[in-house]
Amino acid sequence: MDVLSLDQLGWSAAFAADHAPHAAVGREPARIMAEDRGSYVVRTADGEQRAAITGRFRHETGGDPSAFPAVGDWVAIDGGPDDGAIHAVLPRRTSIVRQAPGNRTAAQVVGANVDVVFIVISLNLDLNLRRLERYLAVAWESGAEPVVVLSKADLVDDPTPLLAEVERIAIGAAILTVSAIDGRGLDEIRARIGSGRTVAFVGSSGVGKSTLLNRLAGEVRAAVKEIREDDARGRHTTTRRQLHILPDGGLVLDTPGMRELALWDPDGVEQSFPDIDELVTTCRFGNCRHNGEPGCAIAAALTSGSLEASRYEAWQKLEREARHQLRRVDGLARAEERRKWKAIGKAVNKHMEAKYGREGW
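Residues numbered from 1 in each chain as written. Predicted model: local features only at pLDDT ≥ 70, side-chain atom pairs only at ≥ 80, totals over all residues. Heavy atoms only, no water.

(A) Seen up close, the pattern of salt bridges. A complete count under the given rule lists 10 salt bridges for this structure. Measuring nitrogen to oxygen at the nearest pair gives 2.9 Å for the salt bridge that ties E133 to R311. Within this pair, whereas E133 is found in helix α3 (residues 129-142), its partner R311 is found in helix α10 (residues 309-360), the two being separated by 178 residues in sequence. This pair shows no difference in class: E133 is buried, exactly as R311 is. (Salt bridge = Lys/Arg side-chain N within 4 Å of Asp/Glu carboxyl O. Helix = DSSP H or I, 4+ residues; strand = E, 2+ residues; numbered from the N terminus. Buried < 20%, exposed > 50% of the residue type's maximum accessible area, 1.4 Å probe, protein only.)

Right, here's the structure in full:
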């Protein structure tokens with residue numbers, strides 16, 4: 001495997017400054033390329049190797065999964081001929097985060113230090129605008145640049161009507177019409193990928209993320225399967241998140257299709273719905289609940305037709321989800337604070353009993 005410089009892997013002066021304390025004790029920087037059942041494939045200036053987090057790292061992070069290395073992270077490691085030891089994760093510049101699947105309240109970092117998030121949607125399937133809004137909210141919140149990719153353009157006669165629908169939703173985001181078969185739009189994707197830059201392909205299973213990756217790489221990097229004839233859906237092929245290095249420079253994070261995409265941080269909702277956010281600020285009352293109050297700008301827009309009812313309902317749903325998530329996270333923080341002070345109290349009691357005896361204390 002070719003040896004790449006740290007700059008080609010996405011290293012920067014900011015990361016170097018964050019790594020300086022670790023460099024002082026002999027640790028080297030490495031980028032997480034893939035995760036596999038608790039161990040990691042990392043890339044250093046000397047090449048690729050495996051690495052695992054230390055017990056101390058696990059203890060200091062309290063087992064918080066969002067603090068563990070994610071694909072795209074820069075970490076400080078002790079290298080060597082065997083597996084390296086990961087001592088720290090350098091501060092992330094951007095991070096794609098979602099609520100972890102299942103019932104537990106925990107953040108899951110899908111990818112870190114990504115410059116562009118390509119949200120891939122297949123033109124040969126029923127266009128799910130509500131799902132696109134959810135992906136856009138997550139992408140905006142990540143801090144990266146969101147770009148909507150309408151893939152498999154070769155399978156539709158005229159993408160113009162679908163493009164118009166997406167334009168009404170993806171306000172502020174670039175929209176590319178792409179085909180990995182006839183090559184249209186690929187140059188526009190390549191223009192956003194350069195040496196040292198990292199991009200991510202996200203989207204549902206079967207929308208063509210792996211096919212696009214293979215076309216950009218000029219070789220098969222990810223397995224693909226033919227679309228099913230009964231529903232025109234591609235089959236799920238990517239099974240893990242992994243960074244792929246392109247021959248012309250740049251790195252691509254290929255992600256499995258995400259069945260669950262619950263929001264973790266509400267900040268992206270405002271950026272995904274700037275039209276509604278602007279309307280809210282023009283309501284007569286600052287505490288307007290948009291439920292029949294006089295001077296409600298939302299109601300006026302719905303009546304005039306300038307705001308689609310389906311888009312407003314989607315905004316309401318994501319807003320409720322975001323508020324609920326904030327309450328869950330706040331409740332967890334308070335519970336953790338109580339546990340901390342309870343532990344401190346037990347430690348103080350134990351110390352005082354040892355010093356003065358139970359009766360004396």
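Next comes the rest of the account.
(B) Main features of helix α9 (residues 297-304). Regarding α9, the residues found buried are A297, I298 and A301. Buried residues of α9, viewed axially, fall in a sector of 100 degrees; they line one side. Where α9 terminates, the next one or two residues include G305, which has phi positive at roughly 90 degrees. (Arc of directions from axis to C-beta.)

(C) Inspection of the packing of aromatic side chains at higher detail. Under the counting rule described, the total for this entry stands at six aromatic pairs. Each ring, one from W11 and one from F15, has its centre 6.0 Å from the other, and the planes form 25 degrees; the classification is stacked. Exposure class is identical for W11 and F15. Each is buried. Three or more aromatic residues joined by ring pairs form one cluster here, namely W11, F15 and W74. The ring of F15 carries R93 above its face, with NZ or CZ at 4.8 Å from the centroid. (Phe/Tyr/Trp six-rings, centres within 6.5 Å; stacked < 30°, edge-to-face > 60°. Lys NZ or Arg CZ within 6 Å of the ring centre and 35° of its normal.)

(D) Main features of the confidence of the model for the chain. Taken residue by residue, the chain gives an average pLDDT of 82. The fraction at 70 or more is 78%. Here α10 stands out as the least confident element of the chain, with mean pLDDT 67; helix α1 (residues 13-23) is the most confident, with 96. (pLDDT = per-residue confidence, 0-100.)

(E) Layout of unusual backbone geometry. For N113, which is not glycine, the phi torsion reads 55 degrees and is therefore positive. The exposure class assigned to N113 is buried, which follows from its relative accessible area of 7%. In this structure, K152 takes a positive phi of about 60 degrees despite not being glycine.

(F) Focus on the pairing of strand β8 (residues 116-122). Burial runs high along β8: seven of the seven residues are buried. Residues V116, F118, V120 and S122 line one face of β8 and the alternating positions V117, I119 and I121 line the opposite face, and both faces are buried. Taken together, the seven bridges between β8 and strand β9 (residues 145-151) define a ladder with parallel strand orientation. Within β9, the position partnered with V117 by the bridge is P146. Where β8 lies against strand β11 (residues 198-202), four bridges are found, and the strand directions are parallel. Residue pairing in the sheet places V117 in a bridge with A200 of β11. (Pairing = 2+ DSSP bridges.)

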